[in-house]
Amino acid sequence: MSDVVEFLRARYAEAREREQRKRRSIPSAFDRHVVEISVSSDLRQQVIVDGHPYSAEQYFGIATEPAPDTNVLADLDSKLGILDWFDVAGTSPELHSDAWQIMRQVVLLLGVPFADHPDYDERWRPQP
């Protein structure tokens, strides 16, 4: 069972890196320019290109409200928390309790979105 947990940890680490890279990226229109992003005390965003301030909306075409995917990292953290709990529960002397079997199914279900990944093992597919 640790194989599927290791597999999921690797997929979540990849997703976390993609999300963090997205948050750090600057649009290519800014290539070869010195760009800073600042947020004022009233939470207004500004893009400073070569020392000249512009509104963030002008360059990014976004509202100052958080994007819908701002919870991506929190979602990944919660899934990693499930895996942590499963690892701890796996060391319990009651390894085959009903609660552990349910948790095992939850972990297997977490793997289903990655079924097309080359490292996914079909034996991990949850049984109805």
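Calculation criteria
- Residues numbered from 1 in each chain as written.
- Predicted model: local features only at pLDDT ≥ 70, side-chain atom pairs only at ≥ 80, totals over all residues.
- Heavy atoms only, no water.
- Helix = DSSP H or I, 4+ residues; strand = E, 2+ residues; numbered from the N terminus.
- Contact = heavy atoms within 4.5 Å.
- Areas by Shrake-Rupley, 256 points an atom, 1.4 Å probe, with all protein chains shown as cover.
- Core = buried A, V, L, I, M, F, W, Y, C linked by side-chain atoms within 4.5 Å.
- Buried < 20%, exposed > 50% of the residue type's maximum accessible area, 1.4 Å probe, protein only.
- Phe/Tyr/Trp six-rings, centres within 6.5 Å; stacked < 30°, edge-to-face > 60°.
- pLDDT = per-residue confidence, 0-100.
- Expected span 1.5 Å × (residues − 1).
- Arc of directions from axis to C-beta.
- Salt bridge = Lys/Arg side-chain N within 4 Å of Asp/Glu carboxyl O.
- Axes fitted to C-alpha atoms, helices over the stretch in contact; angles between N-to-C directions.
- Left-handed = near helix turned anticlockwise from the far one by under 90°.

**Student:** Explain the overall build of the chain here, please?
**Tutor:** Of regular secondary structure, the chain possesses 4 helices and 3 strands. Order of helices (α) and strands (β) in the chain, N terminus to C terminus: α-β-β-β-α-α-α. Sequence separation of 24 or more characterises 49% of the internal contacts of the chain that already satisfy a separation of 6 or more. Accessible surface, the chain: about 9,000 Å² in total, of which carbon and sulfur atoms supply 55%.

**Student:** What's the story with the nonpolar core in this structure? I'm lost.
**Tutor:** Nonpolar side chains tend toward joint burial in soluble globular proteins. Core analysis: the biggest nonpolar cluster contains 19 residues, and Val4, Leu8, Tyr12, Leu83 and Val107 have the highest contact counts within it. At the level of elements, helix 1 (2-24), helix 3 (72-89) and helix 4 (98-111) are the ones that each hand at least two residues to this core. When residues no more than four places from it in sequence are discounted, the contact partners of leucine 83 are Val5, Leu8, Arg9, Tyr12, Val107 and Leu110.

**Student:** What exactly am I supposed to notice about the packing of aromatic side chains here?
**Tutor:** Geometry of an aromatic ring pair is reported as the spacing of the ring centres plus the angle between the planes. Counted according to the given criterion, the structure contains 5 aromatic pairs. Judged by centre distance (6.2 Å) and plane angle (85 degrees), the ring pair of phenylalanine 7 and phenylalanine 114 falls under edge-to-face. Within this pair, whereas phenylalanine 7 is found in helix 1, its partner phenylalanine 114 is found in the segment after helix 4, the two being separated by 107 residues in sequence. According to the relative accessible area criterion, phenylalanine 7 is buried, its value standing at 5%. Each ring, one from tyrosine 120 and one from tryptophan 124, has its centre 5.7 Å from the other, and the planes form 85 degrees; the classification is edge-to-face.

**Student:** Looking at this structure, how should I read the confidence of the model for the chain?
**Tutor:** Do not read the fine detail of predicted coordinates wherever pLDDT is low. Considering every residue of the chain, the mean pLDDT works out to 77; 63% of them sit at 70 or more. Least confident of the elements in the chain is helix 2 (residues 56-60), whose mean pLDDT is 62; most confident is helix 4, at 88. Across residues 62-68 the pLDDT falls below 50, and counting only partners more than four positions away or on other chains, this stretch makes 5 contacts in the model.

**Student:** Where do I start with helix 4 in this structure?
**Tutor:** Owing to its 3.6 residues per turn, the α-helix brings residues three or four apart onto one side. Given a rise of 1.5 Å per residue, 14 residues ought to cover 20 Å, and the 20 Å separating the end C-alpha atoms of helix 4 matches this to within 8%. Residues Trp100, Met103, Val107, Leu108, Leu110 and Gly111 constitute the buried set of helix 4. Axial view of helix 4: buried residues confined to an arc of 150 degrees, hence all on one face. Among the exposed residues of helix 4, those oriented more than 90 degrees off its buried face are Asp98, Ile102 and Leu109.

**Student:** Is there a simple way to explain the pattern of salt bridges in this structure?
**Tutor:** In a structure, side chains of opposite charge can pair up when their charged atoms sit close to one another. Overall, the coordinates contain 7 salt bridges when judged by the stated rule. Put simply, aspartate 87 and arginine 9 hold a salt bridge, and the shortest N to O gap is 2.8 Å. With aspartate 87 in helix 3 and arginine 9 in helix 1, the pair connects residues that are 78 residues apart, well separated along the chain. Classification of aspartate 87 by relative accessible area gives partly exposed; the value is 37%. Connected through salt bridges with shared partners, the residues Arg9, Asp84 and Asp87 form a single ionic network.

**Student:** Even after reading the chapter, I still don't get the packing of helix 3 against helix 4, so can you show me in this structure?
**Tutor:** Between two packed helices, the angle of one axis relative to the other and the distance separating the axes together describe the packing. Closest axis-to-axis distance for the helix 3/helix 4 pair is 10 Å, and the angle between their directions is 145 degrees. Once helix 3 is placed against helix 4, the crossing between them reads as left-handed. From helix 3, Lys79, Ile82, Leu83, Trp85, Phe86 and Ala89 reach across to helix 4, where they touch Trp100, Met103, Arg104, Val106, Val107 and Leu110.

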